[in-house]
Amino acid sequence: MISERLKEVRCSLHFSQKQMTEKVLDRSFYSRVENDCSEISVNDLIKLLHHHRIPVANFLEGFGATSTDVLIFQSQITNTYLNKDVAVLQNLYANANFADAKLSAY
């Protein structure tokens with residue numbers, strides 16, 4: 001689950017929720033995400049990972065995809081995000097083969 005993976009990553013960085021969300025997300029919202037009370041959007045997840053220099057591929061590895069698939073997916077997500085092409089990003093999300101990693105689109 002995304003919430004568990006986020007907490008795992010945050011704890012591995014030895015960050016509090018406040019440190020994890022600083023300048024990126026509202027801490028109380030992030031807390032609800034970690035506690036499975038809210039869903040994080042693809043955009044917010046990518047912003048959070050990018051802010052902490054965490055490759056999307058590294059984050060997604062916890063969901064069982066092969067390394068090559070994850071790297072290709074990461075490249076597509078990163079390029080689409082940097083080009084601010086929301087429609088393509090939503091399409092990538094909708095057609096992703098990472099069923100366990102699907103997020104709320106918005």
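Within every chain, residues take consecutive numbers counted from 1 along the sequence as written. Residues qualify for local features only when their pLDDT is at least 70, as the model is predicted, and side-chain atom pairs are given and counted only at 80 or more; totals for whole chains, interfaces and linings, by contrast, use all residues. Note: side-chain values were computed over all heavy atoms of the structure, leaving out hydrogens and water.

If you look the protein chain up in an unreviewed UniProt entry, it shows as HTH cro/C1-type domain-containing protein from Lactobacillus helveticus.

Caption draft 1: Here's a closer look at the nonpolar core. The definition of a nonpolar core used throughout is a set of buried Ala, Val, Leu, Ile, Met, Phe, Trp, Tyr and Cys residues joined through side-chain atoms within 4.5 Å. Throughout, exposure labels follow a simple rule: accessible area from a 1.4 Å probe, protein chains only, divided by the maximum for the residue type, with under 20% read as buried, over 50% as exposed, and the rest as partly exposed. Among the nonpolar cores identified, the biggest contains 24 residues, and Leu6, Ile40, Leu48, Phe59 and Ile77 are the most heavily contacted of them. Each helix corresponds to a stretch of at least 4 residues labelled H or I by DSSP, and each strand to a stretch of at least 2 residues labelled E; elements are numbered beginning at the N terminus. The set of elements that each furnish at least two residues to this core consists of helix H1 (2–12), helix H3 (27–34), helix H4 (42–51), helix H5 (56–60), helix H6 (67–82) and helix H7 (86–94). When residues of this core are assigned to their parent elements, the largest contribution, five residues, is made by H4. Residue contacts are defined here by distance: any two heavy atoms, one from each residue, within 4.5 Å place the two residues in contact. Aside from chain neighbours lying at most four places away, what touches Leu6 is Tyr30, Val33, Glu34, Ile40, Leu45, Leu48 and Phe59.

Caption draft 2: Here's a closer look at the side chain of Ser41. Within the element layout of this structure, Ser41 appears in the loop between H3 and H4. Counted as a polar contact is a pair of N or O atoms within 3.5 Å, where, for protein atoms, one must be capable of donating a hydrogen and the other of accepting one, and residues adjacent in sequence contribute only when both atoms are in side chains. In this structure the side chain of Ser41 is engaged in a polar contact, spanning 3.0 Å, whose partner is the backbone nitrogen of Asp44.

Caption draft 3: How the structure looks around H4. Taken together, the buried positions of H4 are occupied by Val42, Asp44, Leu45, Ile46, Leu48 and Leu49. One or two positions beyond H4, positive phi appears at Arg53, with a value near 55°.

Caption draft 4: Here's a closer look at the pattern of salt bridges. Basic side-chain nitrogens of Lys or Arg form a salt bridge, by our definition, when they fall within 4 Å of a carboxyl oxygen of Asp or Glu. Under the definition given, this model contains three salt bridges. Of the charged contacts in the structure, one is a salt bridge between Arg5 and Glu8, with a shortest N-O distance of 2.5 Å. Of this pair, Arg5 and Glu8 are both found in helix H1, three residues apart, which corresponds to roughly one turn of the helix. Looking at Arg5, the relative accessible area reads 15%, which means it is buried. Since its relative accessible area comes to 47%, Glu8 is described here as partly exposed. Between Lys47 and Asp44 there is a salt bridge, with the nearest N and O atoms lying 3.5 Å from each other. A residue pair is termed a helical-turn pair when its members lie 3 or 4 positions apart in one helix, as Lys47 and Asp44 do in helix H4 at three residues.

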